[in-house]
Amino acid sequence: MFLVAFLLTMSFGIKAQDKKIKWKDIAESKDESFFETPEAKNIAENVLLYQRDIGGWPKNIEMQKELSSSEKQNLVKLKADPTGCTTDNGATCQEMLFLSKIYKKQPDDRYKTAFLRGVMYLITAQYKNGGWPQFYPFKEGYYTNITYNDNSMVNILNLFKELKDKTGFYSIEVPDEIAKMVQASFNKGIDCIIKTQYKQNGVLTAWCAQHDRETLEPAKARAYELPSLSGKESAKITLLLMSIKNPSKEVINAVETSTAWFEKTKITGIKIETVDKDRVVVQDPNAEPLWARFMELKDNRPFFCDRDGIKKYSLAEIGHERRNGYAWYTNEPKEVLKKYPSWKKSLE
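Definitions and limits used
Residues numbered from 1 in each chain as written. Predicted model: local features only at pLDDT ≥ 70, side-chain atom pairs only at ≥ 80, totals over all residues. Heavy atoms only, no water. 1 Å grid on protein atoms, 1.4 Å probe; cavity = no way out; pocket = protein on both sides within 12 Å on 5 of 7 lines; lining within 4 Å. Points joined across faces, edges and corners; volume = space filled by probe spheres on them. Helix = DSSP H or I, 4+ residues; strand = E, 2+ residues; numbered from the N terminus. Nonpolar A, V, L, I, M, F, W, Y, C, P; charged D, E, K, R; others polar. Axes fitted to C-alpha atoms, helices over the stretch in contact; angles between N-to-C directions. Parallel < 35°, antiparallel > 145°, perpendicular 65-115°, else oblique. Left-handed = near helix turned anticlockwise from the far one by under 90°. Contact = heavy atoms within 4.5 Å. Salt bridge = Lys/Arg side-chain N within 4 Å of Asp/Glu carboxyl O. Buried < 20%, exposed > 50% of the residue type's maximum accessible area, 1.4 Å probe, protein only. Core = buried A, V, L, I, M, F, W, Y, C linked by side-chain atoms within 4.5 Å. Polar contact = N/O pair within 3.5 Å; in protein donor to acceptor, adjacent residues only side chain to side chain. Expected span 1.5 Å × (residues − 1). Pairing = 2+ DSSP bridges. Phe/Tyr/Trp six-rings, centres within 6.5 Å; stacked < 30°, edge-to-face > 60°. Lys NZ or Arg CZ within 6 Å of the ring centre and 35° of its normal. pLDDT = per-residue confidence, 0-100.

Caption draft 1: Region of interest: the layout of surface pockets. Computed from the structure, the largest pocket encloses a volume of approximately 1,500 Å³. Along the wall of the largest pocket there are 45 residues; nearest its centre are Lys24, Glu28, Gln94, Leu97 and Asn155. Of all the elements, helix α5 (residues 93-105) adds the most residues to the lining of the largest pocket, at eight residues. A per-class count over the lining of the largest pocket returns 14 nonpolar, 12 polar and 19 charged.

Shown next as structure tokens:
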């Protein structure tokens, strides 16, 4: 019953009671009173069960779902199997956030231990060049690319930033020895971001959703996710760089050049609507700017793909399934443009 009341207190832009509660909503909730409840404690038991011995968690698990005895026994048996541990779709970082929040209200050494194991998992999973794969241990295929997709790497670096800066956002403090490792890992991650920023005709622009772990060049993922410049993932990368105190010249340059690229590539005069269960582009001179999810590396031209991997240059040219089953446009860079003036002023 508490979850119903909990939902009613949350604001997501739509009526909360009309939306089935999701694990992400629980983990990211700002309602601290929830983490004092027996229900939160029951969920924490599930979070502990799902964590593998290596320190990570699998993805797309609704941690709040009640488990049967046999399901719990199976999870205990899976503890030693690291397969499927990932940071994709918020996995691992969301579980660590939840453990931190409940530890603040209901201290339990098991929560702290699991959190610290998560930190060590993330440190261990990092490439020497500073990037992270989508899965660790490695899952063969495009998953071994440096993964900015869906903000996977940015989520890790934001977590590390809070820990190294001792902001108190996470209630669990890391020992000095681990704190030094977190600092080093964060620095390597930022260096990787700087090195992977794509240079187009001699000018720095933005980032691809994936970069090759060896060459650092933009890389392909799924058939319809071709090497490109990303209007979506690049936004959170830039916001992360903006959040760094006393930024280096390299970080400042990366922010300035990526912000200039966002300004250059914004699309005005259109909005995306669903008409008769089909997503269409509608002309609207008053619409807020949008950015394409994928843009050509050579000239920033937006493109779209079906599962055959063939580029099309309008949303209407691809099939119904992909047209309506993927986010081809984004408005996330508007936060970059909004924050840029105050960030620039803060450097003075």
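Caption draft 2: How the structure looks around the packing of helix α3 (residues 38-50) against helix α6 (residues 109-125). Where α3 meets α6, the closest approach of the two axes is 11 Å, and the angle between their N-to-C directions is 40°. As judged from the angle between their axes, α3 and α6 are oblique. The hand of the α3/α6 crossing is left-handed. Every residue of α6 that contacts α3 at Lys41, Ala44, Glu45 and Leu48 is listed here: Arg110, Tyr111 and Ala114. Broken down by class, the residue content of the contact of α3 with α6 amounts to four nonpolar, no polar and three charged.

Caption draft 3: Broad picture of the pattern of salt bridges. For the structure shown, the criterion picks out 26 salt bridges. The closest approach of N and O atoms between Lys24 and Glu28, which form a salt bridge, is 3.0 Å. Overall, the relative accessible area of 36% leaves Glu28 in the partly exposed class. Ionic pairing is found between Glu36 and Lys105, a salt bridge with its closest N-O pair at 3.7 Å. On the criterion of sequence distance, the pair formed by Glu36 in the loop between α2 (23-27) and α3 and Lys105 in helix α5 is long-range, its members being 69 residues apart. On the basis of relative accessible area, Glu36 is assigned to the partly exposed category, the value being 47%.

Caption draft 4: Here's a closer look at the nonpolar core. Phe98, Val119, Phe160, Ile190, Ile193 and Leu241 are the most contacted members of the largest nonpolar core, which totals 78 residues. The biggest single contributor to this core is α6, with nine residues. Beyond its immediate stretch of four places on either side in the chain, Phe98 contacts Trp23, Ile26, Ala27, Phe34, Phe35, Ala40, Ile43, Ala44 and Val47. Judged by nonpolar contacts, the second largest core, of 14 residues, contains Leu226, Phe304, Ile318 and Tyr326.

Caption draft 5: Structural context of the side chain of Gln51. Turning to its location among the elements, Gln51 is positioned in the loop between α3 and α4 (69-78). What makes Gln51 buried here is its relative accessible area of 1%. In this structure the side chain of Gln51 is engaged in a polar contact, spanning 3.0 Å, whose partner is the backbone oxygen of Ala114. Residues within four places of Gln51 in sequence aside, it is in contact with Gly56, Trp57, Lys79, Ala114, Arg117 and Gly118.

Caption draft 6: Main features of empty space enclosed by the protein. Tallying each qualifying case throughout the model produces one cavity of 30 Å³ or more. For the largest cavity, the calculated volume is near 40 Å³. Around the largest cavity, the lining residues are Thr86, Thr87, Tyr121, Leu122, Ala125, Trp132, Pro133, Gln134, Tyr136 and Ile156. A per-element tally of the lining of the largest cavity places α6 first, with three residues.

Caption draft 7: Quick peek at helix α7 (residues 152-164). Relative to the 18 Å expected for 13 residues at 1.5 Å per residue, α7 spans 19 Å between its end C-alpha atoms, a close match to the ideal helical length. Looking at the buried positions of α7, the neighbouring elements they touch are α5, α6, β1 (146-147), α8 (176-196) and α9 (233-242). Remark: Lys166 follows α7 within two positions and exhibits a positive phi of approximately 50°.

Caption draft 8: Just the environment of Asp212, in detail. Following the sequence through the fold, Asp212 ends up in the loop between β4 (210-211) and β5 (229-230). Taking C-alpha positions, Asp212 is 6.2 Å from Ile146, a pair spaced 66 residues apart along the chain. Leaving out residues up to four positions away in the same chain, Asp212 has contacts with Asn145, Ile146, Glu217 and Ala219. Reaching out from Asp212, the side chain makes a polar contact with the backbone nitrogen of Glu214 at a distance of 2.7 Å.

Caption draft 9: Expanded view of the pairing of strand β6 (residues 270-275). Relative to strand β7 (residues 278-283), β6 runs antiparallel, the two sharing six bridges. Bridge pairing in β7 links Thr274 to Arg279. Linking two consecutive strands that pair antiparallel, namely β6 and β7, is a turn of two residues; a positive phi of about 50° is found at Asp276 within it.

Caption draft 10: How the structure looks around the packing of aromatic side chains. Throughout the structure, instances matching the rule amount to 20 aromatic pairs. Chaining the aromatic ring pairs together yields one cluster made of Tyr224, Phe294, Phe303, Phe304, Tyr326, Trp328 and Tyr329. One Lys or Arg, Lys139, reaches over the ring of Tyr143 and ends 4.4 Å from the middle of that ring. The ring of Phe186 carries Lys164 above its face, with NZ or CZ at 4.8 Å from the centroid.

Caption draft 11: The confidence of the model for the protein, seen in detail. Averaged over every residue, the pLDDT of the protein is 94; the share at 70 or more is 95%. This stretch, residues 1-18, has a pLDDT under 50; its non-local contacts, to residues over four places away or in other chains, come to 24 contacts.

Caption draft 12: Highlighting unusual backbone geometry. Cis geometry is found at the peptide bond from Tyr136 to Pro137, where omega equals 0°. Tracing the sequence through the fold places Pro137 in the loop between α6 and β1. At Leu216, a position not held by glycine, the phi torsion is positive, near 70°. Here Leu216 shows up in the loop between β4 and β5. Even without glycine at this site, Asn246 takes up a positive phi of about 50°. Structurally, the position occupied by Asn246 is in the loop between α9 and α10 (249-265).

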